[in-house]
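Geometric and topological summary
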Amino acid sequence: VSKKVLDYHKSLPGYKVTPLHNYKALASKLGVNSIWIKDESKRFDLNAFKVLGSSFALARHILGERDQYSYEAAKSSGIPESVLVSATDGNHGFGLAHVGNLFGLKVKIFMPQGTEPERAERISRLGADVDVLDENYDECVQVAKRFAAQHQGLFVQDTALESDTEDELKIPLYIMQGYMSILQEAFEQEPELRPTHVFLQCGVGSFASSLAAFIVNKFRNEENPPVIIGVEPSQADCFFRSAQTGQFEIVEGEMNSIMAGLCCGVPSTMAFPIMRETISWFASCDDAISRRGMRIMACPLPGDPSIISGESGAVTLGFVYTLLKSDRHKYLRDAMKLN
């Protein structure tokens, strides 16, 4: 699946391979062989990877199951729905607005309380109609779902809900498949790349479960496959709590972490069983971890490239750095065999 998904993305206007960086100087300082970072800030000049999911989901919705997909085939086939509808903390809605422009479709976006005005404005500048609600992200998802049903819209959400019908579950699945392009592309860039540990941001779980499934499948015949670690903000650590209890846990209430893109308190019902089977560790991180990752990438050691990352994008590197530098976390390093 991942190969034909990437082939579709290559057919989109403006497609370019995003950088895959090896932070050799940082790796040497921290005592590991290498630290690879896939820089999705360059994806379609949108500063975010989320467009990979919504763009493929729309093509798959229009064209159905087939051996290959292309932007021209999808655009020329047309779509019965009148508007694309979603809830977002920022980047998913921004990507969907871009997709709407590519296909000449209207886009309606709902955003949660506490949304920075600039996040809403950048989506509006792409032509989407944006409403910021006095609700958290998970409530916004419900509002968007109802709006789509009432206005002949297509609900393009990167999470699956318990209330979803079999048809409604298709779009979250297609979005998850779209995210696989990131690693399909990475291993085309570095065919010999063989990571020992993979750190992924959780959110609702669609991104992390998609890439975790890709990694598990790719290295399924190896004696020591990569260890996969899911990372979350401490104010929205639903997978971390689920791992502690062994049950589906929900985080409710206000979530004001700087990692706004990861402030999702309800796991995707489609992602949850995949995460449970593929991810070995979950980390609940406070905002200081994210800030640390942002500083390291923005002002790297000599020889390592500079990356201007958002808060959600930086938390994984911040966590890796903290694990490897802090004596307090030696027991975790040993347990993870991160050495």
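We now turn to the structure provided with this report.

**Section: the layout of surface pockets**
- Empty space within the second largest pocket amounts to approximately 360 Å³.
- For the second largest pocket, the lining is made up of 17 residues, of which L154, F155, D167, E168 and I171 are closest to its centre.
- Only α7 (137-150), β6 (153-155) and α8 (170-179) provide two or more residues apiece to the lining of the second largest pocket.
- Tallied by class, the residues present in the lining of the second largest pocket amount to seven nonpolar, four polar and six charged.

**Observations concerning the state of the cysteines**
- Taken as a whole, this structure holds zero disulfides when the rule is applied.
- Looking at the unpaired C263, the closest cysteine sulfur is the one in C264, lying at 7.2 Å.
- Judged by its relative accessible area of 4%, C264 is buried.

**A short note on the sheet that holds strand β3 (residues 83-87)**
- Strand order in this open sheet of four strands is β5-β4-β3-β6, and the pairing throughout is parallel. Each end of this open sheet is capped by a strand with a single partner; those strands are β5 (129-132) and β6. The sheet shows a mean angle of 20 degrees between the axes of neighbouring strands, direction not considered.
- Bridging between β3 and strand β4 (residues 106-111) involves five bridges; their strand directions are parallel.

**Quick look at the nonpolar core**
- With 70 residues, the main nonpolar core has L58, L84 and F103 as its most contacted residues.
- Among the elements that line this core, the one with the most residues is helix α3 (residues 51-63), at eight residues.
- Sequence-distant contacts of L84, defined by excluding residues within four places in its chain, comprise L58, I79, L96, V99, G100, L105, K106, V107, K108, L154 and V156.

**A closer look at the pattern of salt bridges**
- Enumeration according to the criterion identifies 18 salt bridges in this entry.
- As a salt-bridge pair, D7 and K3 come within 3.0 Å of each other at their nearest N and O atoms. Separated by four residues within a single helix, D7 and K3 lie in helix α1 (residues 2-10), roughly one turn from each other.
- With a shortest N-O distance of 3.3 Å, D158 and K50 are connected by a salt bridge. One end of the pair, D158, is in the loop between β6 and α8; the other, K50, is in the loop between β2 (36-38) and α3, and 108 residues separate them in sequence. Each of the two residues, D158 as well as K50, counts as buried.
- Members of the salt-bridge network, linked through shared partners, are K38, E40, R43 and E185.

**Describing the environment of S181**
- Looking at the element boundaries, S181 is found in helix α9 (residues 181-189).
- Between the C-alpha atoms of S181 and I296, which are 115 residues apart in sequence, the distance is 26 Å.
- For S181, the contacting residues outside a window of four places in its chain are V5, L6, H9 and L52.

**Overview of the pairing of β3**
- Summarising burial for β3: five of the five residues are buried, a large majority.
- In β3, alternate side chains face the same way, and those of V83, V85 and A87 on one face and L84 and S86 on the other are all buried.
- Handedness of the β3-helix α5 (residues 91-103)-β4 crossover: right-handed.
- Pairing analysis gives three bridges linking β3 to β6, with the strands arranged parallel.

**Describing a negative patch on the surface**
- Together, D134, E135, E139 and E252 make up a region of like negative charge exposed at the surface.
- With respect to the helices and strands, D134 occurs in the loop between β5 and α7.
- Judged by its relative accessible area of 65%, D134 is exposed.

Parameters at a glance
- Residues numbered from 1 in each chain as written.
- Predicted model: local features only at pLDDT ≥ 70, side-chain atom pairs only at ≥ 80, totals over all residues.
- Heavy atoms only, no water.
- 1 Å grid on protein atoms, 1.4 Å probe; cavity = no way out; pocket = protein on both sides within 12 Å on 5 of 7 lines; lining within 4 Å.
- Points joined across faces, edges and corners; volume = space filled by probe spheres on them.
- Helix = DSSP H or I, 4+ residues; strand = E, 2+ residues; numbered from the N terminus.
- Nonpolar A, V, L, I, M, F, W, Y, C, P; charged D, E, K, R; others polar.
- Disulfide = S-S within 2.5 Å.
- Buried < 20%, exposed > 50% of the residue type's maximum accessible area, 1.4 Å probe, protein only.
- Pairing = 2+ DSSP bridges.
- Axes fitted to C-alpha atoms, helices over the stretch in contact; angles between N-to-C directions.
- Core = buried A, V, L, I, M, F, W, Y, C linked by side-chain atoms within 4.5 Å.
- Contact = heavy atoms within 4.5 Å.
- Salt bridge = Lys/Arg side-chain N within 4 Å of Asp/Glu carboxyl O.
- Right-handed = clockwise from strand over helix to strand, strands pointing away.
- Patch = residues over 30% accessible without salt bridge, like charges linked within 9 Å, V, L, I, M, F, W, Y side chains within 5 Å.
- Areas by Shrake-Rupley, 256 points an atom, 1.4 Å probe, with all protein chains shown as cover.
- Lys, Arg positive; Asp, Glu negative; His and termini not counted.
- Charge placed at Lys NZ, Arg CZ, Asp CG, Glu CD.

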